[in-house]
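Per-entry structural report
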Amino acid sequence: MGRHLILAVHGIGEQKPGDTVDAIVGAATTDLVDPEAPNPDKERQSNGPVDVYRDLIELPEQEFDGTPRKAKLFPVHLRRVRRAQTQDGDNEAVFAEVFWADKSPAPNGFFWTAFDLLKVILGLGYIGMDNVENTRGRASIMLFHAFTWAFYGLVAPLNAILLIGAVLLLIDMTPLNIGTNIPTAAILLGQGLVALAIAGLIWVAARLTYLISIFARGLAFFGALIVVIWAGYQLPAMGWLSDGIETAHGSLLLLGGFDPAPLCPPPTEPLDAFQLRADPQGSLECFVSYTVAALEVSWFATIILGFIVLVSSWFLPRSVTAPADGQSDTLYPSIVGAMIMFWMTFSSSFWLLFKSVVSRLSTARGHPSGTSIEMAHQPDGFLHGIFGRQFGNAQDTLGLSIYAMGLFLAAAMLLVLIRRLSRGALKKDAPPAWLSRVILNPVLSLILKGFVIVMFALVVALFLARFDFAFMAEGTVVDWMMDVVAFDEARNGIIGAIALGLGVLIYNFPQVVAGALGVVRDIVTYAVQESCICLVKRGRYRRNFILREDINSRFKRVLHYSLDATTPSRITIISHSQGTVIATQMLQNGWVKDLLRKAGNPPVTLITMGSPVTQVYRHYFPLAFKVSTTKMPDGLKWFNIFRIDDYVGTRIAPNTGVHKNLHVDAHGHLGYFVDHQVWRHMWNAVQFKLFDGPIDADHQAAETQV
């Protein structure tokens, strides 16, 4: 007799506190009937009638030692299960939930789903950093970090700067009559100050992580630059600055073989009514044109760096022993392709939508008197004019990104279909790598790498197009290929419809999109770093993964409390998806093993379901996620249950010491805890029982009557 402690560690972070433990308790206390037995009533497996007692306690994530001063608490749901109508507290099953979904929350609604998509796209950089730091040498790490600095420190902040300026101008266009007389200089000053305010707010209020800090620095730099330029041209005392800017600009023109000219020459074309009112000198549009040009150059630099990262991955030295094919664990070049493709599609779709909104908000205010309302709503306002003249210059790659996205999604759906039709192959002990999973699939990774190469070729072609080379003349193959991928009026309706269709998908099916993002979001959450690896002191590498440390600490706290409160005679850990990564890592933790040793080393059974432990984590992050039962508590038995079509994780590699890999029929990645086939394995192969000892006669009679 004794207490049976059962820890429940959930997977994809969409649960509410208590959901996981209630699902497991419900399935574990329900009679299991074999539908294939000749007499199902006699083939009933049961723990007998039970009483369930519900408890809840709040535990601190860290030691309550004043750092931080206020404890961060998280809920721990407990369920005490005893045989019905008994008060035998010495023979009970105690379920304790390790809840961490609030660290990777699923969004609700259109806006938060779109924002979550943006966060996941930006967060992919952490996965790339983790992969290159686990598999490559210093040169590869430095190259990938250079790419992330260009992406997060230039491209993302410049998009934010343009958005801030566009919103300020949009306020000036709406029928609310707000700021109808704001001069150009004040708009530029406001743009710089808002950028600085947002950067300061991020720095003060947000939990700074490595990539967020890069973005905040970039935004602060460009905001300060705008304020300095404004001061140089608007404040007499700062006239020396504007003189220096003009002199430097003229010198650069001379070096390029051009005649000296002002940085922002007066407009040469007739001005419309909006321009006459808002920007008669053309300085605002000049500033926008320079910002768009800076964004274009930043994109070119980012794509070139991404291409260098990809090519260098083929020959730069590794930090660990190479796998059989030499490249199978090299994930970070594919992350480069995913970041460029998803961000380019997302941001371009956003600007297309914004341009559409601007055209619909054009009003008669600012047009010549007598303008009809039909003409006033045509897209000929000042801000729309800026979009029309400047936006297209930065959109030459939109068509290519949309095509690549379509190919990527089509390949993913085809892969899912092939897996559904290849269940026989998936049941084999070693199915092909391209078929064994969807997440981080080698074929999809190859498409992303190819996208990086094609994007680099397009950048080179766009640069060469500035010159009159014969092989790029009209009618050549190169000219035809450029026309195919270009964002032009002939295809902007189709491409725009596809881009806007992504927004419609998010708007109408936010829960479906959020669910699809869940797996990637969880991996990103577990990879978030606080600082650059170059600044991390020896021995503190693990602590640099701040959210990972928070989640792991919760496992420790729940185990510590449960051991003290229950003094169990045996322990079972039931985990799913990302929860299996948490459980396997913590069972190898020295502090956890010390806790179990102090508790008398009760036997431990580990049950993982839909686990990406070896297929994903150990494969792509071999230094950080070593997995072996030899490093876990003595005598531990590890059972892995998987569905053959699970798109996240299936088998656990035998060299980990896993006792058995048990497969069930296809049914996706979710719902393991209440799956009948899973519980047949739990009862028969795992020999999972709630209580020690047989069911006594009274309870057996009560069960038979039921």
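Residues numbered from 1 in each chain as written. Predicted model: local features only at pLDDT ≥ 70, side-chain atom pairs only at ≥ 80, totals over all residues. Heavy atoms only, no water.

**Examining the packing of helix 8 (residues 283-312) against helix 15 (residues 442-464)**
In a pair of packed helices, the angle between the axes and the distance between the axes together describe the arrangement. We apply this condition: Lines fitted to C-alpha atoms define the axes here, with helix axes fitted over just the stretch in contact, and angles between the N-to-C directions of these axes take values from 0 to 180 degrees. Labels follow the DSSP assignment, with helices taken as runs of H or I lasting at least four residues and strands as runs of E lasting at least two, numbered in each case from the N terminus. Angles below 35 degrees are treated as roughly parallel, those above 145 as roughly antiparallel, those between 65 and 115 as roughly perpendicular, and all remaining angles as oblique. We call a crossing left-handed when the near helix sits turned anticlockwise from the far one by less than a right angle, and right-handed when that turn is clockwise. Note on contacts: a residue pair is in contact if any heavy atoms of the two residues lie within 4.5 Å. Ten residues, namely Ala, Val, Leu, Ile, Met, Phe, Trp, Tyr, Cys and Pro, are considered nonpolar, four, namely Asp, Glu, Lys and Arg, are considered charged, and the remaining ones, Gly among them, are considered polar.
In the contact formed by helix 8 and helix 15, the axes pass within 9 Å of each other and the chain directions differ by 135°. Taken together, the axis directions place helix 8 and helix 15 in an arrangement best described as oblique. The element helix 8 and its partner helix 15 pack so that their crossing is left-handed. Residue-level contacts link Phe300, Ile303, Ile304, Gly306, Phe307 and Leu310 of helix 8 to Lys449, Val452, Ile453, Met455, Phe456, Val459 and Leu462 of helix 15. Each residue belonging to the contact of helix 8 with helix 15 can be placed in one class, and the counts come to 11 nonpolar, 1 polar and 1 charged.

**Some remarks on the pattern of salt bridges**
Side-chain pairing between opposite charges can occur once the charged atoms of the two side chains come close. Formally: Each reported salt bridge corresponds to a side-chain nitrogen of Lys or Arg within 4 Å of a carboxyl oxygen of Asp or Glu. Note on classification: 1.4 Å probe, protein chains only; a residue is buried when its accessible area is under 20% of the maximum for its type, exposed when over 50%, partly exposed between these limits.
Tallying each qualifying case throughout the model produces 14 salt bridges. Note that Arg79 is salt-bridged to Asp22, the shortest N-O span being 2.8 Å. One end of the pair, Arg79, is in strand 5 (residues 73-83); the other, Asp22, is in helix 1 (residues 19-28), and 57 residues separate them in sequence. Glu61 is paired through a salt bridge with Lys103; the nearest N and O atoms lie 3.2 Å apart. Taken together, the residues span a long stretch of sequence, with Glu61 in the loop between strand 4 (50-60) and strand 5 and Lys103 in the loop between strand 6 (93-98) and helix 2 (109-135) at a distance of 42 residues. An identical accessibility class is assigned to Glu61 and Lys103; each is buried.

**Thoughts on empty space enclosed by the protein**
Note the following rule: Here a cavity is any set of points on a 1 Å grid over the protein atoms alone where a 1.4 Å probe fits but cannot get out, and a pocket is any open set with protein on both sides within 12 Å along at least 5 of 7 lines; a residue lines the site when it has an atom within 4 Å of a point. Grid points are joined across faces, edges and corners, and a volume is the space filled by probe spheres set on the points.
Here the structure, examined in full by the defined rule, presents 4 cavities of 30 Å³ or more. In this structure, the second largest cavity encloses a volume near 60 Å³. Around the second largest cavity, the lining residues are Ile12, Ile439, Val519, Asp522, Ile523, Ser577, Gln578, Pro612, Val616 and Val648. A per-element tally of the lining of the second largest cavity places helix 18 (residues 510-527) first, with 3 residues.

**Quick look at a nonpolar patch on the surface**
Stated precisely, the cut-off is as follows: Patches were defined on residues exceeding 30% relative accessible area and lacking a salt bridge, with like-charge contacts within 9 Å and nonpolar side-chain contacts (Val, Leu, Ile, Met, Phe, Trp, Tyr) within 5 Å. Only the protein chains shown count as cover for residues, and the accessible areas themselves come from Shrake-Rupley with a 1.4 Å probe.
The grouping of Trp314, Phe315 and Ile453 at the surface amounts to a nonpolar patch, some 360 Å² of accessible area in total. Tracing the backbone shows Ile453 in helix 15. Its relative accessible area of 37% is what places Ile453 among the partly exposed residues.

**Side note on the nonpolar core**
Our working rule: Buried residues of nine kinds, namely Ala, Val, Leu, Ile, Met, Phe, Trp, Tyr and Cys, make up a nonpolar core once their side-chain atoms join them within 4.5 Å.
Counting residues in hydrophobic clusters, the biggest one holds 118 residues, and the most contacted among them are Ile127, Phe144, Trp299, Phe555, Ile573 and Trp638. Ranked by residues supplied to this core, first place goes to helix 3 (residues 138-173) with 14 residues. Each residue touching Trp299, except ones within four places of it in the same chain, is listed here: Phe151, Val155, Ile340, Trp343 and Met344. Membership of the second largest hydrophobic core comes to 33 residues, among which are Ile24, Val25, Leu435 and Val686.

**Comments concerning unusual backbone geometry**
Despite not being glycine, Ser577 shows a phi value in the positive range, around 55°. With respect to the element layout, Ser577 can be found in the loop between strand 7 (570-576) and helix 20 (578-586). The exposure class assigned to Ser577 is buried, which follows from its relative accessible area of 4%. Located in the positive-phi region is Gln687, a residue other than glycine, with phi close to 60°.

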